[in-house]
Every structure is written in C-alpha cells, then in structure tokens.
Amino acid sequence: MKNVLVKLCQRFNPNQIFNALKATFILSIMCFSVASFSQSSAPSQQQIEQFKKLPRAQQEQLARQMGFDLSILKGANTTETAVNSAPVDTVERQVDETEVAEELSKQSVVESKSSELKPFGYELFNSERVSAEPQTNVPVPNDYIIGPGDSLKLQLYGKETGNYELIVNNEGNVAIPELGPLSIAGASYSEAKRLILQKYEQQKIGVEAFITMGQLKTIQVFLVGEVYRPGTLTLNSLSTVTTALFNSGGVSNIGSLRNIEIKRNGKTVTTFDLYDLIVYGNTENDIRLQQGDVIFVPTVAKIVSIEGEVRRPAIYELTSNESFDDLLTLAGGLMPNANKKSIQLVRNDIVKGLTILSLNSNDKNQRSAALTNGDFVSVPTANLEFTNAIRVLGAINSPQLVSLTQKQKLSAVVDRAAILNNTDLNYGLIVRRAKFDEHTSIIQFSPSAVINGNFDADLKALDHILLFNRVSLDSANELEKKITAGDLKAASDDAKSDEAKFVQKNELESFTTKQFADADTVNDSRKQLLAPIIARLKSEASEERSVQLIEVVGQVKFPGVYPIAANSSLANILRAAGGLTESAHLERAEITSTSYEDSAAVTAHKQFNLIAQLALDESEQIKFKSKDVLNIVRIPDWYEDNVVTLSGEVVFPGSYQISSGETLTNLLKRAGGLTRKATINAAVFTRVELQEREQESITQAIDNLRVQLANNNLSSSQFTKTIDYDNATKVLNDLEDTQPIGRLVIDLDELLNGKGLHDIELKDGDNLVIPNISPAISVIGEVFVKATHWYDPTLTIADYISKAGGVREYGDASKVYVVRANGSVFIPESNFWFSTANKVSLAPGDTIVVPRDVTNYDNIGLWQGVTQIVYQTAVALAAIGSL
C-alpha cells in the first residue's frame, strides 16, 4: 500500500490527489445512503447538502437511483420560491407623442414652440416598451400575504411520500392530507409554511414536508381619472403601481405623471411620482397593490417647457414646490455650449401680463426661482468664438488656431521651423479687425524679413496671418474666382447673395471650434486664401470709405485683386502679385485710376518708368488708392513660343522658333531648303486661324443642312425634288466627320523662285508639309471604285473616271472638278464629255472629284459647297498622310 502511495505522489501533485480522495469519499457516502433510501424515497437535509457538492451529472444519476426530483436542491435552503401567475389584463397602446405634445402645449405661453418638443415620460406607455404578458417565475417574498385563490405545493418524503397542491379556499383554509384543514389566510408566506411544517412535526413521525408557492391569486384594481383606459384591471397579486400603469396603457394626454394617488379602503395610502422612477430610479413608493385598490390620476397641473442647449429638451410636469434648478435637473443639465448667463424665461404673469425674464444659472438665487404653469424656458447658445486666439493660414506648418499669449510677436509664429520649402518668402499678410471695429486693417510683411530679424509686429486677438505658396496651381471654386477677379468699379455693389453668404459663413466660423474640422490650407492657392479677405473688404465699402482693393494685371506671376496694405508701395504690390515675369517691360507700366467728379466717374491713365520707381525707397514710391489697376506691360515683340513646323522633304525638318515678320522663304533657307525628292507643287501649308474659320464654316453648313432637311418636305413647290434622305444624311455625316485642316493654297515654286507677288509672313502654329508623291492620279467621290491610277499623260478625265468604274447613280457627271496637288481647284466645262475640255492636261498628284448630284435640291450652292469642303479636306489629308 505504501509503494502505491509513493508512486501516486510521484505521478500526481498533492492537490490532484486530495480532490480525487474527496470525490471518492463523497461517492462512498452516497452509495451507502442508497441502501437506506430503500426505506425512504426522499433525501434528508444533510444528504441534500452532500448532493450539492457533487457535479451535475452525478447529481442526476443518484437522483434517478433514489427516485426524487432535483428541484428540491434549489428550494431546500431559500426563502423565495418561483411561482406561476394566472392570466391578467393588458392594454395595447401606441403613444402618439406629437398628439400629446400638442395637447400639453396648449397650457404653454409659447404654444407653437412647445408643441415641437417631446413630452417627457409618455414613451414608457408604448406597448412594445413593456411586456404584454404578466411576469412569471418571480420569487415570492416571505412577507407575501396568503389569501383565497393562492395555492401551496406540498411534497412529503420519509415514511410517506407524495406531492399535493393545497388551495386556499374562500374561507382562508387549506386541506392538509390526513391532517385536516388549516387556516392560513392573512398569514405571510413564511408564516404559512411554518404552520404547515409545525403541524406535520406534531402529528406525523418520520415524515418531512417541503413547501413551495403554487398558483398566485389575482386581484382587481380600479383605474380612474386621466388614465388611458379607465375601469377595472386584473393583475397578479405581486403587481405594483407601475405594473398597473404599464398594463393599462398609462395616463391620458393630460394626465399627471407625478401625482398618482393609490387609495385603499377610502384612504390615500401613498402618492406615486413616475419621475422618481424615470429620472432617479427610485421605486420607494411603487408599492404592491392589493385587492380593491384604486389608482387615481389627476390632470396635470403645472407644465413647463424647456428648449435649446439642454440635454433633454422637452415638456415637463413640475410639482408645486419645484424650482428652475429642479427643471434643469430634469432636463439633464445644461450643454457645454449653453449661454448660462442669459437663459430666457417667458411667463404670462397675472398682474404684468406676458413678460420675459433673463436667468443666470450661475446665480444660486435665480436657480431657486419658482416656476408657474405654462412657463417657457429657452436656453440659447453661448457665443462660442475664441477670444484669445489668432488664425494662421496657408503655407506654414502651424495649427489654424493658435493661442495668443501676452505681448506675442509675429516672429513667435513665423519662424524657421514653421516655414515650408514652398512658402513665398516675399509676401505675407496680417489681417486685423478687432471684435468691435468697423474696418479691417492690412499689414503686409516679408516672411524672410521676419525670420532674419529685420521685421516684427505685435499680434492681437482675432488676427489672421496668411502665408502663400511660392508656386501653386491657380485652383479655386467659381465663387472664389469671381471674388478675386471682380470688377473693382462695382466692388461696393458686389455683395450679392452668394458673396454675402460667403462672407457671413467665414465671419461666423473663423474663430470657432469648426476650424478644427476644416481642411488644411497649406496647399491653398492665392485666390483661395485671399477670397475671404477680399469679400470682407468689399462688404466694408461705403460712401465714406472706398473699398481697399487694387488690381494687378499683365506681366506678373499671379495677376488678380489684392488688398491695399497700410504700408503699401509699388514694391509691395508687386510682391503680392508674385513678382514680375521675364517678359515684363521694366521701363514702362501704367496705372488706371477712377475718381469721381461732378457726380460722375472719371477714369485716368498714368504711365511711369517701372525700374526707376523700384529704385526709389519704398516710402517714396507711387502710392495706390482704392480701385487702382496696375498694368505691367509686355516687352514689345516678346513671344515666349512662336513656333513653325516644317516636315516632309526638307533638308532639316523640325520645329523652328521664328522672329517677328519672318517669311516662309527665309525659314526654308534656315532649314537648308528642299530635298531632291520634294514634290514642290504638292506643298500643304496650314494655319491655326484658318483651321478655326473652317470649323466655323463647317458648323454653319451643318446647321443650314439640318434646317433644309427639316423644312424640305414642307415645301409644296412643283419644281423642287424631294430630298433623298439617305443620300442627304450621308452628306451630313461626312461633313460632321470632317476635321478642318486650315489649308492655305500656295504656289511654293513661284515663292522660292521669287516670282510670287507676296511672300508669306509666318505666324505661331503654322505648318508646312512638303510631300514626295508618286506620279499618279486619284479618282474619288461618286464613282464605283475609288482608286489611284498611275499617271498616263495620254489619258483624259473621262478615261480615269472610266477606270474607276464610271459615275454612280448619285454622282453628278456635269460637275466633275479637279483638285490640283497644291490645293487649287480646276473646273472643266459643263459639257466636257463631248468637248475638248476633257483633253485638259492633268498633272501627277491631281485628284478627280465626282460630286453628288444635288442639282434638284433647294439651295444648290449650299450642297455643292458642302461636298467641296469634304473632298478638298480629304485630298489635303491624303497629302499629309503620305509622309
């Protein structure tokens, strides 16, 4: 035995061995007890306690062997018993809070506003919020009073076994098996159990009794007054005041929630305040009801509405002794953004009539102010503007809102750590307008001067500091573009609805917490940053003070409208506009000023030497006034990009910069002339402005054709042939697909040989194509086979058309024409088929065009012109495409 124990200790730890021995001991006791159960079917209290220490599976196994119910383990040592309840009454209700609010608000002095508020507490009576079924399996307290209709469950074990239900009859007695009746009516639940157990102990030997609560009796209570469903209500005997209210649908739209009386035997036993339960969770007066109790709900006597910055704005019922402080408590207290010093109380005073009072929630005396029925309380929003902040915007590494310390300097905000790589070091602004100032003042500074210690300024509360990007996209929304590029002559009239809203929004939100939600302004353009400032300055303009804005146009990096700073100078204005561009004329600039003489606006222009002015000290430079326009002109004949393209059979093809007045022949000389393969008479010269004109012509022709197509069938002329819409639509589609070339027909051979009357002066975007075309003749248009044929000097126009299969049904043989390689058009005689004209000399590169037959259409010239545009464009594209 000793060796076995040693081996067990080596294999298992002491705790495992102890638990195993403990379980073995308990099982041995229980197994021993099984034998004794052969004489008694129920376990003793000591055995029940041992059962509780076993696992659930072992409890079930031994219970089956012993033949008893495991439920006795739950109730063996408790003073509360789960019970069942008989069916009770419930009332379905969907509370219409709007209807209740409208009814209650009739008592308010501000009825229209009160009706928009929620009536506090009434939502509890919605059917979905409370259980429609009575509570079941609730514990029965020991002080529960037994009465007729209740029943007790009796379980006997020991020498005798059995299960019985003892029902309390109308006389208050229960019939105990073999022991006779016992009166327990009026006794508490614990007392009734004691009496029954005592009776068994006195009259039965070896028999033990176990007693639980059976069926609960029902009671009837009466609901009267302002209740949703007056009358009797059946409840279980454990029901309280709230159970009765919820199951009956609650109070009516004008019923009191705070003065609910419970009457018993003609006396008021308690007054229940539903707010105690809702607000404080207090159930002290939620008493258990008894048979015949009366619940009386009077009309609501004191209604006060509260709206605005409170946590629960609503219509509240107050008791007679509750004050303004109590109302704030019911409403959940004030919100952080509430104006605590100016809470408005509207009252209909008996003596003074309708009055309004201002209450300060920080004043203890005013918090204790009494309220009367119908009072309306409004808690406004406090002024949530920061009073000790400055706003920092643009190309700087800084929060948008910065706390202003005493005697803070600009250099504390604009320092080397905050400056970004893209910050414009020459232009920054301090925009200043104190809270009660009428006008804005502008201080311009150079960020580089600040970080180098050459400039500094005191900052004040509500200042805006703006730093700009040195290089940025010209990005802005439509309104911002309109504001920053507006007509300064009408600046005082520019505060239209959209701009006024823009100004108002910026002014209201600049120094509020909304700035924490705004997007970062680091990448904002000049227009985006300046738009709110410009809009504000426009709104400040009046007959006494002109708008403090000027406009800079011409050769500056950022043309636009800029505020006039207190330290304004020519140099500062140019810094604001980003500085001069390379093409700026340094010896000439112009200021356009507007003044008012004899009630009329007079415009004057003043020219000055720009470089001479900039050489002066800034204090001596030209001063600017409201609505001045500074124009920095361009250097004469300065063109950033005047380019002509030569391609094809040119010795050195490519793009060439041209000077003013340069001609085509000069450019060709610069390009080395033409190659030996050049087909000089097929040169294609195009120009942008001609391309634009062609596009206008094509667009106009398309519109005219559509009108003619729409009106043609309405014409009743016997001389007009109805248009074949398939044919006409094809012409229209061809025209819509035509891309304008902008070809200028030139005789390059004559130009190069000096025989041309006028050389061609080049323009930006001109393009010259010198093709190398094969000696061939093309036939296009209304022929059966559009093709290109090798040039044969012996063949005529008719011969080439025959080679193309002849003229199709819709072709007009009488209007055949030839497009020469240089773009010019040759039209043979109308009877060329039978005249000598068909023997006209063709040249390599010519194109024979057979147009569509439109002779029977109205406006023949229009249709013929359209087809000619299509074919000539096709010829030019073919020449360019041959490269």
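It should be noted that the structure appears before, not after, this text.
In this report, we go over the structure that sits alongside the text. As the structure is a computational prediction, the values presented were derived from the model and not from experiment. Throughout this description, residue numbers start from 1 for each chain and increase along the sequence as written. Side-chain atom pairs in this predicted model are given and counted only at pLDDT of 80 or more, local residue features only at pLDDT of at least 70, and totals for whole chains, interfaces and linings cover all residues. Each side-chain value is worked out from all heavy atoms of the structure, with water and hydrogens disregarded.

## Points about the overall build of the protein
How we decide: A run of DSSP states H or I qualifies as a helix once it reaches four residues; a run of E qualifies as a strand once it reaches two. Both are numbered from the N-terminal end. Note on exposure labels: buried denotes an accessible area under 20% of the residue type's maximum, exposed denotes more than 50%, and partly exposed covers the range between, all computed with a 1.4 Å probe on protein chains only. We call two residues in contact when some of their heavy atoms are within 4.5 Å. Residue burial considers only the protein chains on display, and all accessible areas are found by Shrake-Rupley using a 1.4 Å probe.
Looking only at helices and strands, the protein has 24 helices and 38 strands in total. Out of the 883 residues belonging to the protein, those deemed buried represent 45%. Long-range contacts, defined here as pairs at least 24 residues apart, represent 66% of the contacts in the protein between residues at least 6 apart. As presented, the protein carries roughly 45800 Å² of accessible surface, and 50% of it is formed by carbon and sulfur atoms.

## Quick word on the packing of helix 15 (residues 497-509) against helix 16 (residues 526-540)
Quick reminder of the rule: A fitted line through C-alpha atoms serves as each axis, taken over the contacting stretch for helices, and the angle formed by two N-to-C directions is quoted from 0 to 180°. In these notes the angle categories are as follows: under 35 degrees is roughly parallel, over 145 is roughly antiparallel, 65 to 115 is roughly perpendicular, and the rest is oblique. By convention the crossing between two helices is left-handed if the near helix lies anticlockwise of the far one by an angle smaller than a right angle, and right-handed if it lies clockwise. Polar here means any residue outside two lists: the nonpolar Ala, Val, Leu, Ile, Met, Phe, Trp, Tyr, Cys and Pro, and the charged Asp, Glu, Lys and Arg; Gly therefore counts as polar.
Interaxial distance between helix 15 and helix 16 falls to 9 Å at its minimum, and their mutual angle equals 110 degrees. Our classification of the angle between helix 15 and helix 16 gives roughly perpendicular. The crossing of helix 15 and helix 16 is left-handed. Contact residues: helix 15 offers Glu499, Phe502, Val503, Asn506 and Glu507, while helix 16 offers Ala531, Pro532, Ala535, Arg536, Lys538 and Ser539. Within the contact of helix 15 with helix 16, the residues separate by chemical class into 5 nonpolar, 2 polar and 4 charged.

## Things to note about the pairing of strand 25 (residues 560-563)
The line we're drawing: A pair of strands is considered paired only if DSSP assigns at least 2 bridges between the two.
Two strands pair when backbone bridges link them, and strand 24 (residues 549-554) and strand 25 are joined in this way by 4 bridges, in the antiparallel orientation. When the sheet's bridge partners are listed, Leu549 is paired in strand 25 with Pro563. The turn joining strand 24 and strand 25, which pair antiparallel and follow one another in sequence, is formed by 5 residues.

## With respect to the packing of aromatic side chains
Rules: For Phe, Tyr and Trp, rings pair up if their centres lie within 6.5 Å, where Trp contributes its six-membered ring, and each pair is then called stacked (planes under 30 degrees apart), edge-to-face (over 60) or tilted (otherwise).
Tallied over the entire structure, the rule returns 7 aromatic pairs. Between Phe120 and Tyr316 the ring centres are 4.9 Å apart and the planes differ by 40 degrees, which places this aromatic pair in the tilted class. Highlighted residues: Phe120 in the loop between strand 2 (118-119) and strand 3 (151-158) and Tyr316 in strand 15 (residues 314-317), separated in sequence by 196 residues. Note on Phe445 and Phe455: the rings are 6.4 Å apart at their centroids and 5 degrees apart in plane angle, and the pair reads as stacked. Taken together, the positions of Phe445 in strand 22 (residues 441-445) and Phe455 in the loop between helix 13 (447-451) and strand 23 (464-469) put the pair 10 residues apart, joining distant regions of the chain. Using a relative accessible area of 26% as the deciding quantity, one classes Phe455 as partly exposed. Through pairs of rings, three or more aromatic residues link up here, namely Phe120, Tyr275 and Tyr316.

## Thoughts on unusual backbone geometry
Positive phi is not limited to glycine here, since Asn265 has a value of about 55 degrees. One can find Asn265 in the loop between strand 11 (260-264) and strand 12 (267-272). Even without a glycine there, the phi angle at Lys627 is positive, about 70 degrees. Take Lys627: it is sitting in the loop between helix 18 (610-615) and strand 28 (629-634).

## Comments concerning the sheet that holds strand 7 (residues 207-213)
Either a parallel or an antiparallel arrangement is found when strands of a sheet pair, and the pairing is made through backbone hydrogen bonds. The sheet built from 3 strands is open, its strands ordered 4-3-7 with antiparallel pairing. Single-partner strands in this sheet number two, and they are strand 4 (162-167) and strand 7. Taken pair by pair, the neighbouring strands of this sheet meet at an average axis angle of 25 degrees, ignoring direction. The pairing of strand 3 with strand 7 spans 7 bridges and is antiparallel.

## Some thoughts on the nonpolar core
Burial of nonpolar side chains together is a common tendency in soluble globular proteins. The cut-off we apply is this: Throughout this description, the term nonpolar core refers to a set of buried Ala, Val, Leu, Ile, Met, Phe, Trp, Tyr and Cys residues connected via side-chain atoms within 4.5 Å.
Of all hydrophobic cores here, the largest spans 50 residues; its most connected members are Leu289, Ile306, Tyr316 and Val377. Discounting chain neighbours no more than four positions away, the residues touching Tyr316 are Phe120, Tyr275, Lys302, Ile303, Val304, Ile306, Leu327, Leu330 and Ala331. Core analysis: the second largest hydrophobic core is formed by 42 residues, Val431, Ile442, Leu537 and Leu549 among them.

## A look at helix 8 (residues 189-203)
Basically, it comes down to this: Take the residue count of a helix, subtract one, and multiply by 1.5 Å to get its expected span. The arc in question is the one spanned by the directions pointing from the helix axis to the C-beta atoms.
Compared with the 21 Å implied by 1.5 Å per residue over 15 residues, the 22 Å span of helix 8 between its first and last C-alpha is a close match. All of the buried residues along helix 8 are Tyr189, Ala192, Lys193, Ile196, Lys199 and Tyr200. Seen along its axis, helix 8 keeps its buried residues to an arc of 125 degrees; they face one direction. Pointing more than 90 degrees away from the buried face of helix 8 are the exposed residues Glu201 and Gln202.

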